[in-house]
Amino acid sequence: MPQSLTRVLIHTVFSTKGREPVFEDAAFRSEVHAYLGGCAKALDCLPLQIGGVAIMFIC
């Protein structure tokens, strides 16, 4: 019997409006990551890694 195996990986990147540094607060950042993980699980997706970085550019 034929078998088909697939694996779809999605890498999502987003930014805040005006690149405002709203994720500097560790508690808020943790809540956002937990929310994103919950959304993924509600859609029957397995989140492999959820996180982020804060990069400040000085021009």
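Residues numbered from 1 in each chain as written. Predicted model: local features only at pLDDT ≥ 70, side-chain atom pairs only at ≥ 80, totals over all residues. Heavy atoms only, no water.

Participant: Got a minute to help me understand unusual backbone geometry in this structure?
Facilitator: Among all residues save glycine, negative phi is the norm, and among peptide bonds the norm is trans. Positive phi outside glycine occurs at arginine 19, with the angle close to 55 degrees. By the element assignment, arginine 19 lies in the segment before helix H1 (26-42). The backbone phi angle of aspartate 44 is positive, close to 60 degrees, even though this residue is not glycine. Following the sequence through the fold, aspartate 44 ends up in the segment after H1. (Helix = DSSP H or I, 4+ residues; strand = E, 2+ residues; numbered from the N terminus.)

Participant: So what exactly am I meant to see when it comes to a nonpolar patch on the surface here?
Facilitator: On the surface, Phe14, Tyr35, Leu36 and Ile50 cluster together into a nonpolar patch covering about 400 Å² of accessible area. Within the secondary structure, leucine 36 is located in helix H1. Since its relative accessible area comes to 32%, leucine 36 is described here as partly exposed. (Patch = residues over 30% accessible without salt bridge, like charges linked within 9 Å, V, L, I, M, F, W, Y side chains within 5 Å. Areas by Shrake-Rupley, 256 points an atom, 1.4 Å probe, with all protein chains shown as cover. Salt bridge = Lys/Arg side-chain N within 4 Å of Asp/Glu carboxyl O. Buried < 20%, exposed > 50% of the residue type's maximum accessible area, 1.4 Å probe, protein only.)

Participant: Any chance you could explain the environment of serine 30 here in plain terms?
Facilitator: Residue position: serine 30 is located in helix H1. Relative accessible area serves as the criterion here: at 46%, serine 30 is assigned to the partly exposed category. Considering only alpha carbons, one finds serine 30 and isoleucine 50, 20 residues apart in sequence, at a separation of 10.0 Å.

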